[in-house]
Amino acid sequence: MDGARFHRAETIYALSSASGRAGIAVVRVSGPLVRHILRSIVGDVPRPRLARLAKLRHAGEVIDEGLVLFFGTPNSFTGEDLVEFQVHGSPAVVARLFRALNDVKGVRLAEPGEFTRRALIAGKIDLVGAEALADLIDSDTEQQRRLAIDGQSGRLQSELKTLRRSLLEARALVEADIDFSDEGDVPDALLAAVEASVLRVEDRLRAMLVAAKDFERIRTGFRVVLAGDVNAGKSTLLNALVGRDAAIVSSKPGTTRDTIEVSLDLGGWPVVLVDTAGIRSTDDEVEQEGIKRAERALASADVVLHLSRSDHWPILTAAEDKPVLVVRSQIDSYPSHSGGDAIRISALTGDGIGRLLSAIEHRLPKERALIDQPVVFRERQRLCLNRALEALTRLQPAAMTEAELIAENLRIASDSLGRLIGDIMPEEVLGEIFGRFCIGK
Ligand SMILES: Nc1nc2c(ncn2[C@@H]2O[C@H](COP(=O)(O)OP(=O)(O)O)[C@@H](O)[C@H]2O)c(=O)[nH]1
Ligand SMILES: [Mg+2]
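Residues numbered from 1 in each chain as written. Chains lettered and ligands numbered in written order. Predicted model: local features only at pLDDT ≥ 70, side-chain atom pairs only at ≥ 80, totals over all residues. Heavy atoms only, no water.

### Some remarks on the site of ligand 1
At step 1: As a structural note, the neighbourhood of ligand 1 is formed by 17 residues, with N231, G233, K234, T236 and D332 the closest of them.
At step 2: Between ligand 1 and T236, the relevant distance is 2.5 Å, taken from an oxygen atom to a side-chain nitrogen or oxygen of the residue.
At step 3: For ligand 1, an oxygen atom lies 3.0 Å from a polar atom in the backbone of A347.
At step 4: Burial of ligand 1 by the surrounding chains reaches 84%, relative to a free accessible area of 570 Å².
At step 5: Grouping the constituent residues of the shell around ligand 1 by class yields five nonpolar, nine polar and three charged. (Near = heavy atom within 4 Å. Polar contact = N/O pair within 3.5 Å; in protein donor to acceptor, adjacent residues only side chain to side chain. Areas by Shrake-Rupley, 256 points an atom, 1.4 Å probe, with all protein chains shown as cover. Nonpolar A, V, L, I, M, F, W, Y, C, P; charged D, E, K, R; others polar.)

So this is what it looks like as structure tokens:
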């Protein structure tokens, strides 16, 4: 399973805290040479799990004084001998410590995610847990943090393991029948048992898939798209909402030609605000492309803000099936005379912006994400679920005649679930997942 670049015999090190100046920097070292390194830098090997204040030395000089925290194999994050040096958070101290570590033959800088990868291979965490850990480190909002912590709870793995086991059992029954019967017809009692398992698993997978889309949005952000005529004030509103000049604002119609995306934390929910070109007919080719992009943005929107600085909102065909918040903009200079339930705002004075924000938060499709259930939270996991479900759907009662066909689809389904939870782990999946980790994790 270990790729050529990841010899477990090698000892790796990395800065595990953020780079730059800080009170403390944590440098982590893992692998078989850790004890050797400790003897040479600290003088001896400290007792495991006990912090020791020590002078770190190299080539006859003191690098720094810091805390040394040693974990003996197998009781460490990676399962290997591992030490954390907590030194002063200066780039010079870290660089000097790195030089001391690099001087030891067989020691090298870690690849992104390599500590976690070793933890996975040592069975300290599982694949879904590793993915959730990456998400936890990436989390910006409260809901992202919650989702990532839940991903580490093991609930998803344990439910999927159970579902997978029942598919494997069903398949074993069918295969035993293939081996023992001459006809190839599957007996009714066996069929009924297999069908019952398949249905049960199918139901659960379907429910997980429905919720998966919402949870994926928590990772990537709900898409809130600003739409409306040119000069409605979309770009100005976007800037007002994020508090900086992200989009170009101009009274010249058609200034925003590309879509601009900025992230926003709305009561803990991650939101991506998407500014679009105003939709109108134009001869300008660049602007036409902008309008096409605007329509694509609308198609992927979770919520649409439809702005107008008059009391008239032209029909937005591209957003017909979306939740739309009708926004009456620029009320400071174009006062509104009609009633109606439009949210009145002025991006200039800030009037109504608070109300608009809570209206957006209210309309985010987050209901399913609030239900307590095991969660599929990544595109990769969702694709595995999909593949499993497709295979099971092929087992319609009409198709339940040929034993080989049944066994084959049960195999595809249980393998897909196996890939999801990491019971089956091809190298390319590992490379894909860990390549996106930061160094030092
Ligand atoms: N008085 C006033 N002017 C605004 C407001 N919002 C936008 N504008 C002005 O309206 C013009 C068009 O704004 P812009 O945000 O570029 O509109 P967009 O085409 O919808 O992106 C600019 O001159 C803005 O300064 C507002 O709330 N009050
Ligand atoms: Mg604009």
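Read on for the rest.
### What about the side chain of H306?
At step 1: Secondary-structure assignment places H306 in strand β10 (residues 303-308).
At step 2: According to the relative accessible area criterion, H306 is buried, its value standing at 7%.
At step 3: When sequence neighbours within four positions are dropped, the list of residues in contact with H306 reads A227, G228, W313, P314, L316, V324, L325, V326 and V327. (Helix = DSSP H or I, 4+ residues; strand = E, 2+ residues; numbered from the N terminus. Buried < 20%, exposed > 50% of the residue type's maximum accessible area, 1.4 Å probe, protein only. Contact = heavy atoms within 4.5 Å.)

### Considerations on the sheet that holds strand β6 (residues 107-109)
The pairing of strands in a sheet comes from backbone hydrogen bonds and takes either a parallel or an antiparallel form.
At step 1: Taken together, six strands build an open sheet; the order of strands is β3-β4-β5-β2-β1-β6 and the sheet is mixed. At either end of the open sheet lies a strand with only one pairing partner, and these are β3 (52-58) and β6. Each strand of the sheet is rotated relative to its neighbour by a mean of 30°, with strand direction disregarded.
At step 2: Two elements, strand β4 (residues 61-71) and strand β5 (residues 82-89), share five bridges in a ladder whose sense is antiparallel. Bridged to F71 within β5 is L82. (Pairing = 2+ DSSP bridges. Axes fitted to C-alpha atoms, helices over the stretch in contact; angles between N-to-C directions.)

### Observations regarding the layout of surface pockets
Rolled over the atoms, a probe sized like a water molecule indicates the empty space that remains.
At step 1: Roughly 310 Å³ of internal volume is contained in the second largest pocket.
At step 2: Looking at the lining of the second largest pocket, the element that brings in the most residues is helix α12 (residues 379-393), giving five residues.
At step 3: Among the residues making up the lining of the second largest pocket, the classes are represented as five nonpolar, no polar and 11 charged. (1 Å grid on protein atoms, 1.4 Å probe; cavity = no way out; pocket = protein on both sides within 12 Å on 5 of 7 lines; lining within 4 Å. Points joined across faces, edges and corners; volume = space filled by probe spheres on them.)

### Side note on the domain arrangement of the protein chain
Many structure descriptions define interface size as the accessible area lost when the parts assemble.
At step 1: According to the domain assignment, the protein chain consists of domain 1 (11-124) and domain 2 (127-421).
At step 2: For domain 1 versus domain 2, the distance between C-alpha centres works out to 41 Å. (Domains from an automatic or database assignment.)

### Focus on the packing of aromatic side chains
At step 1: Applying the stated criterion across every chain yields a total of three aromatic pairs.
At step 2: Ring centres of Y13 and F98 lie 4.9 Å apart, and the angle between their planes is 65°; on these two criteria the pair is classed as edge-to-face. Within this pair, whereas Y13 is found in strand β1 (residues 11-15), its partner F98 is found in helix α2 (residues 91-102), the two being separated by 85 residues in sequence.
At step 3: Taking relative accessible area as the criterion, Y13 reaches 3% and is therefore assigned buried.
At step 4: One residue, R28, lies across the ring of F115, its end atom 4.9 Å from the ring centre.
At step 5: The ring centre of F77 lies 4.5 Å from the NZ or CZ of K441, which sits over that ring. (Phe/Tyr/Trp six-rings, centres within 6.5 Å; stacked < 30°, edge-to-face > 60°. Lys NZ or Arg CZ within 6 Å of the ring centre and 35° of its normal.)

### Comments concerning the pairing of β10
At step 1: Burial runs high along β10: six of the six residues are buried.
At step 2: Residues V303, L305 and L307 of β10 are buried on one face, and the alternating residues V304, H306 and S308, pointing to the opposite face, are buried as well.
At step 3: Inspection of the sheet shows strand β7 (residues 222-228) paired to β10 by five bridges, in the parallel sense. Opposite G228, over in β10, you have L307 as the bridge partner.

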